[in-house]
Amino acid sequence: DAIWCSPVYDSPNDDNGYDIRDYRKIMREFGTMEDFDRLLSEVHARNMRLIMDLVINHSSDEHEWFRSSATDPDSPYRDFYIWRKGKGDGIPPNNWDSIFSGPAWNYYPERGEWAMHLFSSKQMDFNWDNEAVRKELFQIANWWLEKGIDGFRLDVISFISKKEGLPDGNAVIGSLMGFKGCEHYFYGPHLHQYLRELREHSFGKFDAFTVGECQGTGLQMSRLMTGDDRGELDVVFSFDHMDNPGKQRFQDYRFDLRPMAKNLMEWQLEYGNHCWPTVFFENHDHPRMVSKIDPDGAYRCEIAKLLAMLQMTLKGTPFIYQGQELGMTNTPFASIDELRDVESVNLYHKLMDEGEAFRTVLSGSRDHARTPMQWSGEKNAGFSEGTPWIRVNPDYFKINAADEENAIDSVLHFYRSLIALRKENPALVYGDVIPVTASPKGLLCYFRRMDGQRFYVELNLTGKTVQHVNTGMRGTLLYSNYTTRREGAVMRPYEANLYQD
Ligand code: ISL
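Residues numbered from 1 in each chain as written. Predicted model: local features only at pLDDT ≥ 70, side-chain atom pairs only at ≥ 80, totals over all residues. Heavy atoms only, no water.

### Some details on the overall build of the protein chain
Line of reasoning, step 1. A tally of helices and strands in the protein chain yields 14 helices and 21 strands.
Line of reasoning, step 2. Against the globule reference of 23 Å for 501 residues, the protein chain gives a C-alpha radius of gyration of 24 Å, in line with a compact fold.
Line of reasoning, step 3. Projected onto the principal axes, the alpha-carbon positions of the protein chain cover approximately 75 × 50 × 50 Å.
Line of reasoning, step 4. Considering only residue pairs separated by 6 or more positions, the protein chain has 65% of its internal contacts joining residues 24 or more positions apart.
Line of reasoning, step 5. In the structure as shown, the protein chain presents an accessible area of about 22200 Å², 49% of it carried by carbon and sulfur atoms.
Line of reasoning, step 6. Considering the protein chain, the positive charge centre built from 56 side chains and the negative charge centre built from 74 side chains are found 4 Å apart. (Helix = DSSP H or I, 4+ residues; strand = E, 2+ residues; numbered from the N terminus. Rg over C-alpha atoms; globule rule 2.2 N^0.38 Å. Contact = heavy atoms within 4.5 Å. Areas by Shrake-Rupley, 256 points an atom, 1.4 Å probe, with all protein chains shown as cover. Lys, Arg positive; Asp, Glu negative; His and termini not counted. Charge placed at Lys NZ, Arg CZ, Asp CG, Glu CD.)

This is how it looks when you write it as structure tokens:
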């Protein structure tokens, strides 16, 4: 009942719209402001909400503020971005790396200085320490809120405050994380102050919903950003569960659901009653979860449904990424020419001489999640009559919305049923989460309980059979991802069952 749109603002599209040239204009490829206004009113007419992506850690280098700050010594925007002198001999002001490969700095001869970009070389970081910048950004947010949108997803909002003096990043942290400098902005000195100002001057005045993208802040720091008495954000996206411990996205490994479940349970139990979690397994920055877990796809439907059950029976706000509800998979891109994402392309060129570059890029590429939505088995998956901007996943013949709609036991219908059940039963939203601590290894079992109502969820997180746990619960089986009854006391691979007392 709510939609989050990734950026649809005017942009040269160096990073799929996350590089904004004009915050008050719609990207030509997507239509006009009239189209947007119609979208908003049709969404509201259906009693739904619309959340926009607010990308205010950086803007495009084609934004007029940046152009003016680079070229005009008298510009009122001179200090809107992070400009510094270099160390001489073409050496940038510090050793920070861009998250999208290469140094985090561009040199501008017209100004004789370097400007910082934590992301691509066309995404220039704003100088949040300048109050005039903050005021302009609050006005942008308010302009959209006055239009009547319902809230924002705040892009890399935890990166907005950088440590004074911009000191060099530690080499060990840099090699662990893949980019140097991050300890100086993952949780910067003025972050809380800036979030409070945002709320005070913008979101709070409109009672708007906010979800902050907060890479690397972990449970405790996220509590400080979302506590209901803190006046900062409503909820955050935390990413610690999205890769297995010790692994990172660009590694070719089979994702194990067990550590993810452990992490989710920590948040369920320790985040506290003054904070509210989000629950998500996919977004536009991550490969498809079913493929991470089971690259061969033997258990694709079972896993897709297990994820649906987990997501719809945990405490928190669930976010479903487009295509997740069909069990969409990774795409077998054949070469680098088929990839579009700036992060993938830059990484490929960086790795070139290390061999295996394409394989590495393919394991983590964000393009897996960005292929056209699979509406039907028609040409281009029913997405477009024209040539899509990126390759269509060839499996659209067997995985598409039209077929899922017609098949009674599809992943899509499973999501629908569970969403309906959750809406009808506050115990699934607000109820206590009570894990069964004696569950055998490989199982995740928990109760949701409120006002005499009780649900029980049992999930086999592995591809092997596991001994079933007897909790004495004699409830009715409401949903299962297996249609046949099991024999004996074992849980089949990735089996997921939901019972009610
Ligand atoms: O820190 C990271 C690398 O491990 C990234 O996951 C980073 O947090 C993430 O890429 C930030 O994502 C958001 O901002 C980017 C944009 O490309 C993404 O699409 C967006 O979700 C820059 O605006």
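### Section: the site of the ligand
Line of reasoning, step 1. Neighbouring the ligand are 17 residues; Asp15, Arg153, Asp155, His284 and Asp285 lie closest to it.
Line of reasoning, step 2. The separation between an oxygen atom of the ligand and a polar side-chain atom of Arg153 is 2.9 Å.
Line of reasoning, step 3. With respect to the ligand, the side chain of His284 contributes an N or O atom lying 2.9 Å from an oxygen atom.
Line of reasoning, step 4. Protein coverage of the free-state accessible area of the ligand, which is 510 Å², stands at 92%.
Line of reasoning, step 5. Partitioned by chemical class, the residues of the shell around the ligand number 6 nonpolar, 4 polar and 7 charged. (Near = heavy atom within 4 Å. Polar contact = N/O pair within 3.5 Å; in protein donor to acceptor, adjacent residues only side chain to side chain. Nonpolar A, V, L, I, M, F, W, Y, C, P; charged D, E, K, R; others polar.)

### A short note on the pairing of strand β8 (residues 113–116)
Line of reasoning, step 1. By the alternation rule, side chains of β8 split into Glu113 and Ala115 and Trp114 and Met116, which are all buried.
Line of reasoning, step 2. Where strand β7 (residues 105–108) meets β8, 4 bridges bridge the pair, whose relative direction is antiparallel. Residue Trp105 lies in a different strand from β8, and its bridge partner there is Met116.
Line of reasoning, step 3. With antiparallel pairing between neighbouring strands as the criterion, β7 and β8 make up a hairpin whose turn holds 4 residues, including Gly112 at a positive phi of roughly 70°. (Buried < 20%, exposed > 50% of the residue type's maximum accessible area, 1.4 Å probe, protein only. Pairing = 2+ DSSP bridges.)

### Digging into the pattern of salt bridges
Line of reasoning, step 1. Following the criterion strictly, the structure yields 38 salt bridges and no others.
Line of reasoning, step 2. Note that Arg153 and Asp53 form a salt bridge whose closest N and O atoms lie 2.9 Å from each other. Residue Arg153 is located in strand β10 (residues 151–154), and its partner Asp53 is located in strand β4 (residues 49–54); the two are separated by 100 residues in the primary sequence. Judged on exposure class, the residue Arg153 and its partner Asp53 are both buried.
Line of reasoning, step 3. Across the pair Lys162 and Asp125 runs a salt bridge, and its minimum N-O distance is 2.8 Å. With a gap of 37 residues between them, Lys162 in the loop between β10 and α4 (171–177) and Asp125 in strand β9 (residues 123–125) connect regions that are remote in the sequence. A single burial state applies to Lys162 and to Asp125, both of which are buried. (Salt bridge = Lys/Arg side-chain N within 4 Å of Asp/Glu carboxyl O.)

### Digging into unusual backbone geometry
Line of reasoning, step 1. The phi dihedral of Ala381 falls on the positive side, at around 60°, and the residue is not glycine.
Line of reasoning, step 2. Within the secondary structure layout, Ala381 lies in the loop between α11 (357–364) and α12 (401–406).
Line of reasoning, step 3. Classification of Ala381 by relative accessible area gives buried; the value is 0%.

### Description of helix α10 (residues 342–351)
Line of reasoning, step 1. Those residues of α10 that fall on the buried side of the exposure criterion are Val342, Glu343, Ser344, Leu347, Tyr348 and Leu351.
Line of reasoning, step 2. Among the structural elements, α11 are those in contact with the buried residues of α10.
Line of reasoning, step 3. Between the side-chain oxygen at the start of α10 and the backbone nitrogen of Glu343 there is a gap of 3.2 Å, and the oxygen is on Asp341.

### Comments concerning the packing of aromatic side chains
Line of reasoning, step 1. Under the defined criterion, the tally for this structure stands at 35 aromatic pairs.
Line of reasoning, step 2. Plain terms: the ring middles of Trp128 and Tyr194 are 5.7 Å apart, the flat faces sit at 35° to each other, and that makes the pair tilted. A residue pair is termed long-range when its members are at least 10 positions apart, and Trp128 in the loop between β9 and α3 (131–147) and Tyr194 in helix α5 (residues 191–206) qualify at 66 residues. Summarising the burial analysis for this pair, Trp128 and Tyr194 share the class buried. (Phe/Tyr/Trp six-rings, centres within 6.5 Å; stacked < 30°, edge-to-face > 60°.)

### What about the sheet that holds strand β11 (residues 209–213)?
Line of reasoning, step 1. Strands sit in the order β1-β4-β10-β11-β12 across an open sheet of 5 strands; the sheet is parallel. Both edges of this open sheet fall to β1 (2–5) and β12 (235–237), since each of them pairs with a single strand only. Averaged over neighbouring strand pairs, the angle between their axes works out to 25° when direction is ignored.
Line of reasoning, step 2. Note: β1 against β4, 4 bridges, orientation parallel. Pairing of Cys5 across the sheet is with Met52, part of β4.
Line of reasoning, step 3. The strands touched by helix α1 (residues 33–45) within the sheet are β1 and β4, with β4 carrying the most contacts at an inclination of about 140°. (Axes fitted to C-alpha atoms, helices over the stretch in contact; angles between N-to-C directions.)

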